[in-house]
Amino acid sequence: MSEAKNLEVVQEAAVEEESFKDLFEASLKEQPVVKRGEMIKGMVVSVNADSVTMDVGEKGEGTIPVAEFTQAGIDLPVVGDEIDAMVQSAGGGSGVTLSVLAAKQREAWAVIEAAAESGEAIDALVIAEVKGGFRVNLSGLNAFMPRSEADTDMHVSAELLVGKPCKVAVLEARRRPENIVVSRKKPMSAERDIERAQFFESRAVGDKVSGEVKRMADFGAFVDLGGVDALLHVSDISWRRIKHPSEMLSLGQTVTVEIVKMNAETGKISASMKALQSDPWENVANNYEAGMRLTGTIRRLLEFGAVVEIEPGIEGMIHRSELSWTKNDVKPASVLSEGDVVDVAVLEVDADARRIRLSLKAVSDNPWQSWLADHPISSHITGKIKNVTDFGFFVPVLEGMDGLVHMENLSWEQKGSDALAEYSKGQEVECVVLGVDAEKQRISLGIKQLSGDPFELFMSSIKRGDSVNGKVAELNQGGAVIDLAEGVQAFLPRREVPREHAELKVGDAVEAKIIEVNHKRRQVDLSIRQQLRDEERDAMRSYSKQAAEESVPSALALQLQRMLEATEAKKPAKKAAKKK
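This one's a predicted model, so the numbers in the text were calculated from it and none came from an experiment.

Draft legend 1. Region of the structure containing the sheet that holds strand β15 (residues 268-272). Pairing is mixed in the closed barrel, where 5 strands are placed in the order β11-β12-β13-β15-β14. Neighbour to neighbour, the strand axes of the sheet diverge by 50° on average, direction disregarded. Pairing analysis gives 5 bridges linking strand β11 (residues 208-217) to strand β14 (residues 254-263), with the strands arranged antiparallel. Paired with S210 across the strands is T256, a residue of β14. Lying on the sheet, helix α4 (residues 185-202) is in contact with β11, β12 (220-224), β13 (229-233), β14 and β15; it crosses β14 at an angle near 80°.

Here it is in structure tokens:
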């Protein structure tokens with residue numbers, strides 16, 4: 001290539017280089033003069049789905065991701081709005097990149113650090129529940145709130161916090177590495193202290209106040225009385241007995257209570273809804289009396305009975321013995337359930353002791369009385385022996401009802417124990433109804449009463465003072481048992497046998513006088529002494545009568561007359577001695 005050609009090429013290159021330099025310098029003049037980290041204010045010139053474009057001056061523009069507005073908690077702007085942003089990068093192929101989130105975080109850090117130093121509360125938003133506590137947003141910055149610092153109430157529900165704005169105190173703030181710890185409890189406590197002090201200054205026991213049910217437990221409910229919590233014990237909610245506050249209250253419900261206790265030192269307050277209601281027991285004595293029939297609801301089942309609500313606040317007790325006529329020692333749960341509506345009879349009302357005794361069985365017919373109406377005394381029944389005891393056996397007469405045949409009512413002739421040995425379980429027997437005690441629920445039956453009583457039959461033909469004949473059946477220390485007839489025995493006391501009388505032996509024939517009869521005990525007492533004395537007296541009277549009929553009495557007749565007169569004279573003296 002010639003020199004001229006080379007010179008031309010060099011000159012052209014120099015011109016192009018000068019032209020590029022001019023263009024570059026011109027482009028620099030058109031670039032906005034911004035620096036990374038600088039805070040700028042500008043107008044929104046366009047908004048699309050991904051970004052917001054903002055005029056940064058000197059015909060320059062910067063972009064901001066739409067997502068940042070959401071993260072920063074800022075409403076998406078529209079064209080023409082002026083907003084603040086921080087320069088993230090300037091120049092390069094991507095132009096100017098801006099950030100509203102970074103701008104807000106810079107402002108937030110300033111506020112957070114100032115709050116950490118001063119102790120003042122700042123605005124926050126609880127974002128989510130995390131392990132050990134909650135994530136909180138502070139103007140775009142994430143902070144951690146320990147669960148113990150979430151509320152003055154350790155049992156506060158996460159649902160009541162997440163998504164809700166609140167005031168927090170900054171416990172710790174560090175930029176590198178970033179760590180922010182906040183407390184919602186601290187400003188709450190400070191505010192509660194002020195409210196509590198004002199409450200105790202302005203309120204007194206007996207005041208009526210309204211509040212909101214904040215929390216419930218088995219033992220009662222906590223009512224917020226305006227920054228101060230009061231305990232509403234379950235027993236103070238209503239005169240009616242309830243197991244849990246939720247039976248009558250719900251969270252968030254507004255209630256009116258009376259302050260019953262206050263302690264400014266501990267900050268504890270006890271309240272009562274019941275105190276604002278009239279005591280239903282005040283009118284119990286006028287409204288209820290024994291014999292009344294009522295309808296109530298079974299509220300509680302106990303081992304010894306059932307509690308019945310007659311009206312709100314008024315309860316009565318059905319003892320287990322008053323549950324059934326025919327079932328003994330019945331368990332309340334076997335015949336009743338909580339919530340059952342039942343008819344009951346009032347047995348006793350004691351308003352002072354706040355006690356009402358009720359009966360379930362009393363509202364139905366007494367089966368013993370009904371049975372007696374169908375089976376009067378002396379009527380006959382037939383049944384199979386249910387069980388045999390040492391004193392007799394039982395015969396079922398109706399479902400749940402048994403009659404007792406006592407061993408003394410088995411035989412007229414045999415001893416009770418001997419007669420009982422002839423009976424066994426399952427044996428069918430015919431019985432006579434002897435009696436029914438409806439109150440004690442007892443039925444007395446007899447078997448020997450099916451035949452006539454040999455004792456009464458025998459005694460119907462004789463009386464006290466008559467002479468009877470019998471045989472010695474048994475000898476004992478007190479005397480002798482004498483058989484008078486089949487099934488009839490008498491007792492001859494030893495003192496009623498004269499000393500000169502021959503010694504008695506089993507099987508000896510005896511003639512004696514009846515000196516005592518006890519029909520109830522079926523007992524007859526005899527006397528040989530009285531028999532001989534009466535025979536002697538009759539003989540003397542006979543001879544005396546014969547002598548009186550003769551004109552000249554014989555010496556023997558005169559002697560018998562004197563003996564008779566002497567005997568008659570002694571009788572008044574003996575009677576007088578007995579009376580003494």
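Draft legend 2. Spatial organisation of the pairing of strand β26 (residues 442-446). As judged from the 2 bridges shared by strand β24 (residues 401-406) and β26, these two strands associate in the parallel manner. In the strand pairing of β26, L404 is matched with S444.

Draft legend 3. Structural view of the pattern of salt bridges. Using the criterion set out here, one finds 22 salt bridges in the structure. Here E129 makes a salt bridge to R147, at a shortest N to O gap of 2.4 Å. With E129 in strand β6 (residues 122-130) and R147 in the loop between β8 (141-146) and β9 (165-174), this pair connects stretches of sequence that are 18 residues apart. The exposure class of E129 is partly exposed, given its relative accessible area of 44%. Looking at R147, the relative accessible area reads 34%, which means it is partly exposed.

Draft legend 4. Structural view of helix α3 (residues 100-118). Under the 1.5 Å per step criterion, the end-to-end length of α3 is 27 Å for 19 residues, consistent within 8% with the ideal 27 Å. Considered for burial, the residues of α3 that qualify are V100, L101, A102, A103, A108, W109, I112 and A115. You can read the cap of α3 off the contacts: a side-chain oxygen lies 3.3 Å from the backbone nitrogen of L101, and it is on S99. A positive backbone phi angle near 85° is found at G119, which sits one or two residues after α3.

Draft legend 5. Highlighting the nonpolar core. Among the nonpolar cores identified, the biggest contains 23 residues, and F393, L410 and L445 are the most heavily contacted of them. Going through the elements one at a time, α7 (367-374), β23 (392-398), β24, α8 (416-420), β25 (428-437) and β26 are the ones with two or more residues in this core. If you tally residues by element for this core, the top one is β25, at 4 residues. Look past the residues within four positions of L445 in its chain and what remains in contact with it is I381, V395, V397, G403, L404, V405, H406, N409, C431, V432, V433 and L434. If you look at the next biggest cluster of nonpolar residues, it comprises 21 residues, including A115, A124, A150 and V182.

Draft legend 6. Region of interest: α4. The end-to-end C-alpha distance of α4 is 25 Å, a good match for the 26 Å that 18 residues give at a rise of 1.5 Å each. Listed as buried for α4 are P187, M188, R192, F199 and F200.

Draft legend 7. Spotlight on the side chain of S238. Position of S238 relative to the elements: it lies in the loop between β13 and β14. The buried category is assigned to S238, whose relative accessible area is 9%. A distance of 3.0 Å separates a polar side-chain atom of S238 from the backbone nitrogen of R240. Among all residues touching S238, those that are not within four sequence positions of it are M248, K274 and Q277.

The rules behind these values
- Residues numbered from 1 in each chain as written.
- Predicted model: local features only at pLDDT ≥ 70, side-chain atom pairs only at ≥ 80, totals over all residues.
- Heavy atoms only, no water.
- Pairing = 2+ DSSP bridges.
- Helix = DSSP H or I, 4+ residues; strand = E, 2+ residues; numbered from the N terminus.
- Axes fitted to C-alpha atoms, helices over the stretch in contact; angles between N-to-C directions.
- Contact = heavy atoms within 4.5 Å.
- Salt bridge = Lys/Arg side-chain N within 4 Å of Asp/Glu carboxyl O.
- Buried < 20%, exposed > 50% of the residue type's maximum accessible area, 1.4 Å probe, protein only.
- Expected span 1.5 Å × (residues − 1).
- Polar contact = N/O pair within 3.5 Å; in protein donor to acceptor, adjacent residues only side chain to side chain.
- Core = buried A, V, L, I, M, F, W, Y, C linked by side-chain atoms within 4.5 Å.

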